[in-house]
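Residue strings, one per chain:
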Amino acid sequence: MLDSSARLPVSARTGRFLVLLGVFLCAACGLVYELELVALAAYLIGDSVTQASVVLSVMVFAMGIGSLLAKRLRRRAPMWFGLVEAALALIGGCSAMALYAAFAWTGDHGGAWAGGSRYLLAAFSLAIGVLIGAEVPLLVVLIQRIRRQDAGGAVADVFAADYVGALVGGLAFPFLLLPAFGQLTGALFTGAVNAVAGCALVLGLFGRGLSVRGRWAVLTANVLVLAVLASAAVLVDDFERAARRAVYGTDARVAVRTDVQEVVLTGGRRRSLDLFLDGRLRVSGRDERRYHEALVEPAMRGPHARVLVLGGGDGLAAREVLRHSGVRRVDIVELDAGVVGLARHDPALSELNGHAYRDPRLRVVHGEAFRWLRSARGTYDVVLCDLPDPGITAGAKLYSLEFYGLATRVLAPGGRLAVHAGPVSTRARTFWTVEASVRAAGLRTVPYRVGGRRSGFAAGPDRTSERARGARDWGFVLASRGRAALREATGSPLVRAGVRSAGPTRVAGLPASTLVRPRYAN
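Predicted model only: the values in this text are computed from it and were never measured.

## Observations regarding the packing of aromatic side chains
Throughout the structure, instances matching the rule amount to 12 aromatic pairs. What links up through ring pairs into an aromatic cluster is the set Y291, Y448, W474 and F476. It is R306 that lies over the ring of Y380; its NZ or CZ is 4.8 Å from the centre. Note that K397 overlies the ring of F370, its terminal NZ or CZ placed 5.3 Å from the centroid.

In structure tokens form, the structure reads like this:
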């Protein structure tokens, strides 16, 4: 038999309210841990759909295990609840720093360490899930000790508070914690709230019913956890700088978190400059000219008075466009105003892009390319898709049949569309899926491949597996409604050689990628 009595310092009604308040706070913290793991894993490891699926499925499975294990803890439910919350606060609060540390300091080791961040992600999901799963059975016992009621009613009360807490935690994470604290400090702050709520509920409401040893166990565990979290919060800035140096090297000059992504600039000269967006190398001064010439030059063979650049906020594609006589207007549609700001004002990056933003023919629109195309008016002779890798889940719709259908609407008669389609050597299936999607939009295509890629850092969507075998090429697709518009472009030596190089890699019979059926994978 479980002891259903409790010596409370408050009335039963107030005690019941306090338990439900504890349920609310703990549920909010638990959901923040889940979202923090998903967000950090997508940033550090790659594909957000895969990482979200791993975190949520492992965590739900672990919650079932935790619920079963909690059956053995019911006789001393207050003490065990306090200890469970201390463990959850410590593991959940420190999980972000631990994942970031594993990525920063073991990501390049290869071998057994190659998947270290993935294994750690699964381990944290499992541990946090077990502890969250143990909460509800223990809380049902606590609320029953305040006022005896049928089990169904007690469970309904606890779950109601739990779901409301989850709602608040889910909204607080993107709208409060991330903007105010960032991922690392936000997780530490959540852990502190979790520890204080659990300790205060147990000692404040059920302390009289605990043994001296039980009270000291709960108090000591939570004080130690709060001390660890506070120490980590004091050191978090130094930790982040050290981790950034481990990832990007010692010459990181600029590291800013915009409304869209983390932007890092390393190196101070044109040849040494690297631009990282959310940890993926987007531009390298060592080889960017080869890439941008291959994207721009073939498409500019023909009428090119009006040019649209989708993405390309760094100004490098615009630099190549503006070299051509006859260009009257260049429109850049870039989501991240922070990247454009750096391209305008950073000395090394603005020198690299030839100070393109000073040219009066260039106009910038800040917005998401897909949404902008839906409301675009007018037509362009050339449309350049200078967008992130197609395998990144967040950008998959920018490589979809629907996207190319919208792009086709703004092409002038005889206009050309040029698309960056990812590396061919390491991800041929993705490259040919892009080509199939462009064709499905009603365009004739010329797929080509260009070598000369010297930077091997994170060529694709997965930041942990491709760094050691970085791609050494780029794939492009040139397209137009008619064959005549492509004839001059395909006469380019670069395109002729690129078509011959890409041909042997062809993967036939691939379906187009659509919004509801994305076909790109790691």
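Here the narrative resumes, following the displayed structure.
## Regarding the pattern of salt bridges
In total, this model carries 19 salt bridges according to the counting rule given. D331 serves as the salt-bridge partner of R363, at 3.3 Å between the closest nitrogen and oxygen. Residue R363 is located in strand 7 (residues 362-366), and its partner D331 is located in strand 6 (residues 329-334); the two are separated by 32 residues in the primary sequence. A relative accessible area of 38% places R363 in the partly exposed class. The partner of E368 in a salt bridge is K397, with the nearest N and O atoms 3.3 Å apart. Pair noted here: E368 is in the loop between strand 7 and helix 11 (369-374) and K397 is in the loop between strand 8 (380-386) and helix 12 (401-409), with a separation of 29 residues, a long-range link.

## As for the environment of P179
Examined against the element boundaries, P179 turns out to sit in helix 5 (residues 151-206). Overall, the relative accessible area of 58% leaves P179 in the exposed class. A sequence separation of 248 residues divides P179 from R427, and the C-alpha atoms of the two residues are 35 Å apart. Contact partners of P179, with chain neighbours within four places excluded, come to F173 and P174.

## Some details on the nonpolar core
A general trend in soluble globular proteins is that nonpolar side chains are found buried together. Formed by 70 residues in total, the largest nonpolar core has its most connected members in V19, L37, L44, F81 and L139. When contributions to this core are tallied by element, the ones reaching two or more residues are helix 1 (12-44), helix 2 (48-70), helix 3 (77-106), helix 4 (116-146), helix 5 and helix 6 (212-248). Per element, the largest residue contribution to this core is 14 residues, and it comes from helix 4. In contact with V19, not counting residues within four places along its chain, are L139, I143, I146, L201, L205 and F206. A299, V321, L384 and V446 belong to the second largest nonpolar core, which has 45 residues in total.

Cut-off values and rules
Residues numbered from 1 in each chain as written. Predicted model: local features only at pLDDT ≥ 70, side-chain atom pairs only at ≥ 80, totals over all residues. Heavy atoms only, no water. Phe/Tyr/Trp six-rings, centres within 6.5 Å; stacked < 30°, edge-to-face > 60°. Lys NZ or Arg CZ within 6 Å of the ring centre and 35° of its normal. Salt bridge = Lys/Arg side-chain N within 4 Å of Asp/Glu carboxyl O. Helix = DSSP H or I, 4+ residues; strand = E, 2+ residues; numbered from the N terminus. Buried < 20%, exposed > 50% of the residue type's maximum accessible area, 1.4 Å probe, protein only. Contact = heavy atoms within 4.5 Å. Core = buried A, V, L, I, M, F, W, Y, C linked by side-chain atoms within 4.5 Å.

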